[in-house]
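Spelled out, the chains give:
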Amino acid sequence: GTYRSDTSSRADRVDGATSIEDSGRGVFQEFMQMEPTPIEPDQAFQNNKHRKRPKLIVLSILLSLVCVAVGLGIALPQKDNSSNNSNNNPGIAVKEDNDPSSIPTALPTTSPTIDISSCVSASAENNSSDHFVSIRSDLVENGATTVDADFDVPFSPQRTASPTTSPTTIQPTIDISSCVSADAEYNPSDRFVSIRSDLVENGATTVDADFDVPFSPQRKALCWLADVDNFVIGRSPSLMAQRYILTVFYHSVFTEGVELTNWLHSNKDECTWQGITCEPREGGVVVGLELKAEKLEGELPNELGGLKDLKELILDGNKINGTIPQQIGNLKNLETLCLNKNRLEGNLPKEIKQLDLLRELELESNRFLNGTIPTELGFLTNLEVLLLGYNSFSGLIPVELGGLSSVVMLGLQFNSFNGPIPVQLASLPNLEELHLTGNDLNSTIPEEFGSTPNLLTLSVENNELSGTIEEDSGICNIGFIYIDCDEIDSKCSPNKGNVIGNHCAEPGQV
């Protein structure tokens, strides 16, 4: 139901009530005039439960009486407020009863009508909500009902007075199938046209024609915003675009069986949707999207590039396929991009070079990512972690990666890189781990790695490398060296135990 806060028109609303309601009002007024019994502070807690009981009993009786009156068809005379309708609901277009073809240009912001008939009748199909069970328990505990079993009697006043669900969490069921299918009989509302125009104007969609494709994620998102969503009403164009983009993302990668809290709840701010992080500026700006191992499946939509304030995009451990959209380069504030363990394919977009603030780029274990590494990656001077292992990249390792002055961990293992190890990698001042295992690299290990100041792990086994590591080489001082000792002759002292790999001497061996 809808709760009203105004008290000035109470007399108008109860004028002419039936004897049942008059009686109830009399009890209520008598109750409200009762003098409260003073309670000492130290006795307040012990007596609190007994203080609540009379009020709860009276309120329960009143509510039951009203429910009986409604069930018998007894209605209160209503004051004609039609003349004030526009004042009470500014900005809401009202559909005339005699014009069934008209479509409201805005959805009402009040709670939707809730059908509780299956609950009142105690139908076998009714599934009592947690809210129902909790309130029933509280009423029994506080003595508001004399017989608990009355709640189970179909159509009893006690049963009718028991709420079935919280009105703040109910989702109205609205059929938008004709809109989603772009049915010829669907007549777009003014709101549909207006939202579509705003989304195009604000660049929230890359191709306007996508809105006209039946069952496309873009079409589904627009239909939901126009015909179902309450929360979008009155929002700024940028926040409307933000909500649209996340809705397109939902329809692109959410599959049957994926259940995430609050997603596409028409009365919930997208900042409350599971996996979404917002900053409380400009009405709530999305800065994080993290959904790891949530069974997401499908292609990343181009629209993601419209989340201009996004700092973290973490979707590890799903089944996302397709390519990484070029529009990813529009996320100028992005600091973390983690898409490990998915099914991505194709080349890395060169537009990644535009992510100047990027600190972590993790794309491991996608298998189908291929092609060469864009030389533009070397421009990301803030990058600290670059993990591209367990994919199908090939070609030479770009010497431009020597420009990653902040990188701490560089993982290129188990790809198909060939050629020599770029000596430029040895000049990385903050590099601690370099993983090159499982490629087709040849030549020798550059001696310069012996001077890399912070290098703790050098992993180069399972390649085509050769040569000798001399005992006085600085490479012998690296914390852990993973090599093929049957291909590379290591003169490093076995007693250090830092040379590990095939046929390598163990500590104590000569």
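Rules used in this analysis
- Residues numbered from 1 in each chain as written.
- Predicted model: local features only at pLDDT ≥ 70, side-chain atom pairs only at ≥ 80, totals over all residues.
- Heavy atoms only, no water.
- Pairing = 2+ DSSP bridges.
- Helix = DSSP H or I, 4+ residues; strand = E, 2+ residues; numbered from the N terminus.
- Buried < 20%, exposed > 50% of the residue type's maximum accessible area, 1.4 Å probe, protein only.
- Core = buried A, V, L, I, M, F, W, Y, C linked by side-chain atoms within 4.5 Å.
- Polar contact = N/O pair within 3.5 Å; in protein donor to acceptor, adjacent residues only side chain to side chain.
- Expected span 1.5 Å × (residues − 1).
- Disulfide = S-S within 2.5 Å.

**Some remarks on the sheet that holds strand S1 (residues 276-279)**
Reading across the sheet, the eleven strands line up as S1-S2-S4-S6-S8-S10-S12-S14-S16-S19-S21 and stay open at both edges, with mixed pairing between neighbours. Strands at the two margins of the open sheet, each flanked by one partner only, are S1 and strand S21 (499-500). The pairing of strand S14 (residues 433-435) with strand S16 (residues 457-459) spans three bridges and is parallel. The residue of S16 that forms the bridge with Leu 434 is Leu 458.

**Examining the pairing of strand S13 (residues 416-419)**
Where burial is concerned, the two faces of S13 differ: the one with Phe 417 and Gly 419 is buried and the one with Ser 416 and Asn 418 is not. In the sheet, strand S11 (residues 392-396) pairs with S13 via three bridges, with the strands oriented parallel. When the sheet's bridge partners are listed, Gly 395 is paired in S13 with Phe 417. Two strands pair when backbone bridges link them, and S13 and strand S15 (residues 440-443) are joined in this way by two bridges, in the parallel orientation. Bridging across to S15, Gly 419 finds its partner in Leu 441.

**So, helix H10 (residues 217-227)**
Burial runs high along H10: nine of the eleven residues are buried. Turning to H10, its buried residues number three or more, namely Gln 218, Arg 219, Ala 221, Leu 222, Cys 223, Trp 224, Leu 225, Ala 226 and Asp 227.

**Overview of the nonpolar core**
Ranked by size, the top nonpolar core spans 96 residues in total, and within it Leu 199, Phe 249, Trp 263, Leu 377, Ile 445 and Ile 483 carry the most contacts. Mapped by element, the contributors of at least two residues to this core are helix H8 (177-180), helix H9 (190-201), H10, helix H11 (237-253) and strand S2 (285-290).

**Things to note about the environment of Ser 177**
In this structure, Ser 177 sits in helix H8. A sequence separation of 38 residues divides Ser 177 from Phe 215, and the C-alpha atoms of the two residues are 9.1 Å apart. Side-chain polar atoms of Ser 177 contact the side chain of Asp 175, separated by 2.7 Å.

**A look at H11**
When the terminal C-alpha atoms of H11 are compared, their 25 Å separation across 17 residues agrees well with the 24 Å that a helix rising 1.5 Å per residue should span. Across the 17 residues of H11, 13 count as buried, placing the element largely inside the fold.

**Comments concerning the pairing of S2**
Summarising burial for S2: five of the six residues are buried, a large majority. Once S1 ends, the chain turns through five residues before running back antiparallel as S2, passing Glu 282 with a positive phi of about 55°. Looking at chain direction, S2 and strand S4 (residues 312-314) are connected through three bridges and run parallel. Paired with Gly 288 across the bridge in S4 is Glu 312.

**Points about the state of the cysteines**
Within this structure, the stated rule accounts for four disulfides. Two residues share a disulfide in this structure: Cys 179 and Cys 223, whose sulfurs sit 1.9 Å from each other. Because the sign of the S-S torsion sets the handedness, a value of about -85° for the bond joining Cys 179 and Cys 223 places this disulfide among the left-handed ones. Of this pair, Cys 179 sits in helix H8 while Cys 223 sits in helix H10; the two residues are 44 residues apart in sequence, bridging distant segments of the chain. Both residues of the pair, Cys 179 and Cys 223, count as buried. In this model, Cys 476 is linked to Cys 492 through a disulfide, with the two sulfur atoms separated by 1.9 Å. Since a negative S-S torsion denotes a left-handed disulfide, the Cys 476-Cys 492 link at about -80° is left-handed.

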